[in-house]
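Coordinate inspection notes
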There are 4 protein chains.
Amino acid sequence: RTSSGSAGMAKSKFEYVKEFEVQDTCLRNCWVVVRVDGKNFHRFSEQHNFTKPNDIRALQLMNRCAKNVMKELDNICIAYGSSDEYSFVFHKNSNWHKRRASKFMTHVVSQFASSYVFYWKEFFSSQPILYPPGFDGRVVIYPSEENLKDYLSWRQADCHINNMYNTVFWALVQKGGLTPAKAQERLRGTLSADKNEILFSEFGINYNNEPLIYRKGSVLIWQKVNEVSKKTVKLSNETEEQEVEVSRWRTEPVLLHTDLIGEQFWEEHTAILSYR
Amino acid sequence: RTSSGSAGMAKSKFEYVKEFEVQDTCLRNCWVVVRVDGKNFHRFSEQHNFTKPNDIRALQLMNRCAKNVMKELDNICIAYGSSDEYSFVFHKNSNWHKRRASKFMTHVVSQFASSYVFYWKEFFSSQPILYPPGFDGRVVIYPSEENLKDYLSWRQADCHINNMYNTVFWALVQKGGLTPAKAQERLRGTLSADKNEILFSEFGINYNNEPLIYRKGSVLIWQKVNEVSKKTVKLSNETEEQEVEVSRWRTEPVLLHTDLIGEQFWEEHTAILSYR
Amino acid sequence: RTSSGSAGMAKSKFEYVKEFEVQDTCLRNCWVVVRVDGKNFHRFSEQHNFTKPNDIRALQLMNRCAKNVMKELDNICIAYGSSDEYSFVFHKNSNWHKRRASKFMTHVVSQFASSYVFYWKEFFSSQPILYPPGFDGRVVIYPSEENLKDYLSWRQADCHINNMYNTVFWALVQKGGLTPAKAQERLRGTLSADKNEILFSEFGINYNNEPLIYRKGSVLIWQKVNEVSKKTVKLSNETEEQEVEVSRWRTEPVLLHTDLIGEQFWEEHTAILSYR
Amino acid sequence: RTSSGSAGMAKSKFEYVKEFEVQDTCLRNCWVVVRVDGKNFHRFSEQHNFTKPNDIRALQLMNRCAKNVMKELDNICIAYGSSDEYSFVFHKNSNWHKRRASKFMTHVVSQFASSYVFYWKEFFSSQPILYPPGFDGRVVIYPSEENLKDYLSWRQADCHINNMYNTVFWALVQKGGLTPAKAQERLRGTLSADKNEILFSEFGINYNNEPLIYRKGSVLIWQKVNEVSKKTVKLSNETEEQEVEVSRWRTEPVLLHTDLIGEQFWEEHTAILSYR
């Protein structure tokens, strides 16, 4: 920008307020996790007629937003989402925006929120979006790979617990004709095995056959994909242009619905945590 | 939520990762300012054909988003915006989300970002939005009213400096036929008076007649507005329904384009900083 | 310092660790309070035969240390102490060590601790110090004068409560012959008036006649004191040297035992909080 | 403590100020380093006639203080000092005082400072201490063992660089008769090899024969030591008491002057960083 006379004066008088800003650097050599959560999504999902217990359109929209966040921002090495939340992991060596926590948080959450409205109609063609939703975000720092893996395992374990509960709860309500209050009462104190049993014996549902995206949530990692496109070229030994297929390798966020808990996932995808 | 057997086990093992989250409480009895800035808006404005030096649609969209933020979040007592930035002031007595800085930041920035896409078509009817924009946000804390007023004065002084420069710059380019490089060169080292002179003598523009929204930016404060609506009622002594006008007072964010620098504004609007 | 060849190499390899240090700036325009507390002083006071309920030597030593802290460090405008704790207030305009919290804390606490051992024998001539005591410290930030005064009032109210309790407790034990357990039981649930009554009717003690240093604690503020010293001079109209008294004004930490609660103290000492 | 009537009132009114204290938890699973530095020790060393370039009494006193800090505080697994500074490493699993940075800092620095005055006369029998010295302290957090080792290597590399420089500098001044200014000039731009050469050819000093405590600084680690003491006992089959030697294993801070840079030290002392 530029400064003029009056500007100079104005600056000298007020600009001291900049010094009240404080450094909020994330500790170096640590994994930086930003978790985004939908604000009042219980109400939002009802007003937009989300199917229960899972609305595949809503989950796909979340994944589309997360993919956009990964592409627009730098140094995200893995993301994990389920329900109305998504976690983004910045690599421990990232020096993006000098590792300022506020930058990590606000860039993720704003990109996610604007994407949510932008891509809405791709997934909800017959349901208009009624108002702009809010999200909250937070930063958590993990010093070791083990801590980071345990964080992701924690989110996936949570996904599992919630999804099993919701699956039985909505089966009791939608197919069993119970009121929500009765369904809740029925499930109080039940163990995992009890819920499996209810699903199977009363509704013929084998929980393990439920879609992976519901049971495991969604993982986004970078992978090389072979992109094939058509191009019109004139080869040197010919006189006319012709259309050819050109392929090239691109690194893209790729969606998985798989187990993060345990070592197998990490052994198969060593590139995630290694230096980029 | 609920917990089942396997969930219990999963929890006990991974849930320790929650303890890595740190408290980021904003100091009590201080004004909390969240400033939102458009990310790469130079590029965004070009790709969406914003008029230069000011695009009234873009400014109105920003104001619309800011109004939505004020209504959706709690305890914002004043907001100020210009160009692609907006500052929101949470009252010093606010205890919203226990004054966590991350909550203030991410709620503001996500609500602003989703609103930007949501309300876009109300202002850009003939220009579709091409991609979801990003915003960054930060929190700054001010202990005294004087510091807070100086912060807002700083932003408004900045608005003035930038707008005067841009007004002359684009006059030289659009009306004077200069290349951007030549216009920049012409303006190097010029004072405020010089810029006024160029505008007036070369382009017949009196800078002080430029619209206030460009010169002063936009202020949002809460005001009581009288809302009149029509209602169909059946009065007791009549047999037929009839339509009557009903009025009631509502507190709404109201837009001003006025001077914040100096005491007059604050003397006229003492309610802004007093206890709510 | 200097660097040699091998040093240069060593530096380039290890010096990155400096970047892990984080900024801990105290918010500007706020009062910075450092409170020092004796570590395990219950045990320390027993092993050094402190008289109960108050040991005047110990309190004078605390005051001596606090005075030293005020003189060795910069920008402390008032200090308040009672029992084994002392609070130091750095002026809100202080920019000492760039307002780093760690600097405020560690300089205060280390100067206090070394002074405690250094000045010990001035107050405990017949009781050697048996081991070096520890202290802990903390920083608390107050944005307004009112908050700061309330902080000091809080500490003085605490002093009052504790001293009244201890005065009765030790009267019951030392003069009334009760065991500590019995004395504690006797005092359970008693109000201030009850304690006054016990002191007066059973031991003939009027609590309000107890020394102010016990009831109010100790305040240190800067005051101009007239320092008189003797100097040997030869006046121009005389032939021989003679000794004269020379006086000059110096600003010194001065000890008060007075009420901080209420406005009177602050009205009488406006210089404390005004700009230095 | 207890509360009486007036106390209750006082509390309700002022106690809110406690809420201004902020959490300053050190990130879990990270090594916490507290470094103590003498304040104005250049002046202190001159006023107390420290020998140059190294005063063995001063170094031994520093080591004595550091040993006391290790014994009085919990969870320090290694300490390293040279000149007027000392670094203390709290184990990454430590939960001492809930990992509050202010507690780590102030306990270390106050214990160090009081010990310095307390133990002074054990090392400076003929030189009284003239005033209580100050120290400053800081906390730095390291997430990985590699970072921690590099921190200690950095301090030892610094010790080496400074000691070599000081050794030559003071040889030039004390034995070579140069003024300090001339000595400084002579050394400007010299490499390690140059300094070795000056020492050897001009003063017959082989730097590598200088005492390890000067060249490598001091390391304190916990080791089992066999403590032998005499005890008077009466054995069952005898009629008279007799004096016997009793030995038992105790874990004590043990002083080393050795190389920390490189893996050998850590391979020989694996217990330092392993769980305690």
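Structure: above.
Residue positions are given per chain, counted from 1 along the sequence in the order it is written. As they are written, the chains are lettered A onward and the ligands numbered 1 onward, keeping that order. Residue-level local features of this predicted model are given only where pLDDT is at least 70; pairs of side-chain atoms are given and counted only at 80 or more, and the full residue set underlies all totals for whole chains, interfaces and linings. Hydrogens and waters are ignored; side-chain quantities use all the structure's heavy atoms.

**Considerations on the interface of chain B and chain D**
Convention followed: Any two residues whose heavy atoms approach within 4.5 Å at even a single point are treated as in contact. What gets called buried area is simply the loss in accessible area from a 1.4 Å probe that two parts show on being joined, summed for both. Counted as salt bridges are all cases of a side-chain nitrogen of Lys or Arg within 4 Å of a carboxyl oxygen of Asp or Glu.
At the junction of the two partners, chain B supplies seven residues and chain D supplies seven residues. Of the roughly 770 Å² buried at the junction of chain B and chain D (both faces included), carbon and sulfur atoms supply 60%. Considering only the surface of chain B that becomes buried against chain D, B:Phe20, B:Gln23 and B:Arg28 emerge as the three largest contributors, covering 61% of it. At the surface where chain B touches chain D, the tally comes to two salt bridges. With a shortest N-O distance of 3.4 Å, D:Glu19 and B:Arg28 are connected by a salt bridge.

**Focus on the side chain of C:Asp136**
Counted only if it meets this: Numbering of helices and strands runs from the N terminus; a helix is a DSSP stretch of H or I covering at least four residues, while a strand is a stretch of E covering at least two. Each residue gets one of three labels from its accessible area relative to the maximum for its type: buried under 20%, exposed over 50%, partly exposed in between, using a 1.4 Å probe on protein chains only. For the purposes of these results, a polar contact is taken to be a pair of N or O atoms within 3.5 Å, where, inside protein, one atom must be able to donate a hydrogen and its partner to accept one; residues adjacent in sequence count only when each atom of the pair is a side-chain atom.
Along the chain, C:Asp136 falls in strand E4 (residues 135-142). Given a relative accessible area of 8%, C:Asp136 falls into the buried group. In terms of polar contacts, C:Asp136 uses its side chain to reach the side chain of D:Lys103, at 2.3 Å.

**So, the sheet that holds strand E2 (residues 76-82) of chain B**
All names here are of chain B. To keep things clear, this is the line we draw: Here, any two strands with at least 2 DSSP bridges between them count as paired. Orientation is described by lines fitted to C-alpha atoms, with helices fitted over the stretch in contact, and by angles between N-to-C directions that extend from 0 to 180 degrees.
Strand order in the open sheet made by the six strands is E4-E1-E3-E2-E5-E6, with antiparallel pairing throughout. With partners counted over all chains shown, the strands left at the sheet margins are strand E4 (135-142) and strand E6 (242-256), one partner each. Strand-to-strand, the axes of this sheet are offset by a mean angle of 25°, without reference to chain direction. Judged from the 15 bridges that link them, strand E5 (residues 218-233) and E6 form a sheet pairing that is antiparallel. Its bridge partner being in E6, Asn 226 is matched across the sheet by Trp 249. Sheet strands in contact with helix H3 (residues 56-72) are E2, strand E3 (85-90), E5 and E6, and its direction is about 75° off that of E5.

**Overview of the relation of the copies chain D and chain C**
Short version of the rule: Here the copies were fitted onto each other by least squares, based on C-alpha atoms from residues at pLDDT of at least 70 in both.
Of the two same-sequence chains, chain D is brought onto chain C (RMSD 0.2 Å, axial shift 0.1 Å) by a rotation of 180°. Such a turn and shift between the copies fits a two-fold axis. Mapped onto chain C, 100% of the interface residues of chain D are again interface residues, and the two copies thus contact each other with one and the same surface.

**Description of the relation of the copies chain B and chain D**
Overlaying chain B on chain D yields an RMSD of 0.1 Å, the required transformation being a rotation through 180° with an accompanying axial translation of 0.0 Å. Interface overlap between copies is the fraction of interface residues in one copy that are interface residues in the other; for chain B against chain D it reaches 100%, indicating a shared surface.

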